[in-house]
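Each chain, letter by letter, is given below.
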Amino acid sequence: MGRTPALAATLITFDEGLVSEGDTLFDQYAAMGVFFTPNGFTGTNSITGNPFATNSDMTITATDLGGLGSPALVSGNLLHSFGGWLAEDGDPSIVMTFAFDVSSVSADFAGMAIVGSTGLMAFDAAGGFLGQVTNASTGQANLSLSFSNIRSVVILPGEFNDWVGVDNISFTAAVPEPQTYALMALGLAGLAGVARRRRS
């Protein structure tokens with residue numbers, strides 16, 4: 001029996017020509033199976049103690065703020081507008097929703113000034129919490145999560161007083177379980193049987 005081939009990761013750099021500086025991120029990456037929406041959380045209980053924003057900004061920026069690190073992990077177009085961040089009313093949260101299960105998600109963050117304010121939180125298709133990762137240091141970092149059934153990820157790009165740029169979001173589609181392949185095979189066999197009966 002052959003091995004299942006490894007699935008290639010999909011990479012979003014915001015420099016693919018699908019978004020430009022000043023665009024609000026939403027469904028531009030729908031062909032990749034990804035949708036972005038603001039405000040995964042609102043109100044109290046932010047991981048930093050500040051309230052979560054009700055107006056998280058998802059405008060693409062290419063502003064070079066300096067101090068992002070050298071060499072910078074993030075470059076070109078970035079998620080989380082510098083101007084919009086100045087008007088947010090709390091800690092931002094941005095949701096990435098996938099059209100299918102993914103097994104891993106990672107992103108580059110830069111400009112982090114507060115430990116624990118930046119991260120990724122993973123959820124399954126029913127909204128069940130799978131786990132999270134937050135920054136253990138300031139500056140810049142690649143943060144990643146791995147679970148077999150991620151359907152959405154909340155991106156936490158810094159806190160109210162901390163502008164953080166997000167770039168190079170990578171995700172890998174989950175490999176179906178063996179029973180899923182078995183069900184697919186049964187379904188295809190059933191379709192073949194129906195087609196045979198119609199021909200005869």
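The rules we used
Residues numbered from 1 in each chain as written. Predicted model: local features only at pLDDT ≥ 70, side-chain atom pairs only at ≥ 80, totals over all residues. Heavy atoms only, no water. Core = buried A, V, L, I, M, F, W, Y, C linked by side-chain atoms within 4.5 Å. Buried < 20%, exposed > 50% of the residue type's maximum accessible area, 1.4 Å probe, protein only. Helix = DSSP H or I, 4+ residues; strand = E, 2+ residues; numbered from the N terminus. Contact = heavy atoms within 4.5 Å. Phe/Tyr/Trp six-rings, centres within 6.5 Å; stacked < 30°, edge-to-face > 60°. Polar contact = N/O pair within 3.5 Å; in protein donor to acceptor, adjacent residues only side chain to side chain. pLDDT = per-residue confidence, 0-100.

1. Re the nonpolar core
Membership of the largest hydrophobic core comes to 30 residues, with the highest contact counts inside it found for F36 and I155. Elements represented by at least two residues in this core include exactly β2 (34–38), β5 (94–112), β6 (119–123), β8 (139–156) and β9 (165–173). Of the residues forming this core, the biggest block, eight residues, is contributed by β5. For I155, the contacting residues outside a window of four places in its chain are F36, L79, P92, S93, I94, M96, F109, G119, L120, V166 and I169.

2. Overview of the packing of aromatic side chains
Think of a pair of aromatic rings as described by two things: how far the centres are apart, and how the planes are tilted against each other in angle. All told, the structure shown has ten aromatic pairs when counted by the stated rule. Considering the side-chain rings of F41 and F52, the 5.1 Å spacing of their centres and the 40° angle between planes classify their relative orientation as tilted. In this pair, F41 is assigned in the loop between β2 and β3 (60–61) and F52 in the loop between β2 and β3, connecting sequence segments eleven residues apart. A relative accessible area of 6% means that F52 is categorised as buried. An aromatic cluster is defined as three or more aromatic residues linked by ring pairs; in this entry it consists of F41, F52, F123 and F129.

3. A closer look at unusual backbone geometry
With a phi close to 65°, N39 is a non-glycine residue in the positive phi region. Tracing the chain through its elements places N39 in the loop between β2 and β3.

4. So, the side chain of S56
Examined against the element boundaries, S56 turns out to sit in the loop between β2 and β3. For S56, a relative accessible area of 8% corresponds to the buried category. Among the polar contacts made by the side chain of S56, one reaches the main-chain amide nitrogen of S93 at a distance of 2.9 Å.

5. Digging into the confidence of the model for the protein chain
Of the residues in the protein chain, 82% have a pLDDT of 70 or more, and the chain-wide mean is 86. This model gives residues 1–5 a pLDDT under 50, and the stretch forms two contacts once residues within four places in sequence are excluded.

6. Concerning the environment of T48
Turning to its location among the elements, T48 is positioned in the loop between β2 and β3. Each C-alpha atom of the pair T48 and T118 lies 9.2 Å from the other, and the pair is 70 residues apart in sequence. Those residues within four positions of T48 in sequence are excluded, and the remaining contacts are D91, G116, S117 and E159. In this structure the side chain of T48 is engaged in a polar contact, spanning 2.3 Å, whose partner is the side chain of D91.

7. Focus: the environment of D27
You can see D27 is positioned in the loop between β1 (10–12) and β2. Using a relative accessible area of 38% as the deciding quantity, one classes D27 as partly exposed. Residues D27 and T37, spaced ten residues apart in sequence, show a C-alpha to C-alpha distance of 8.8 Å.

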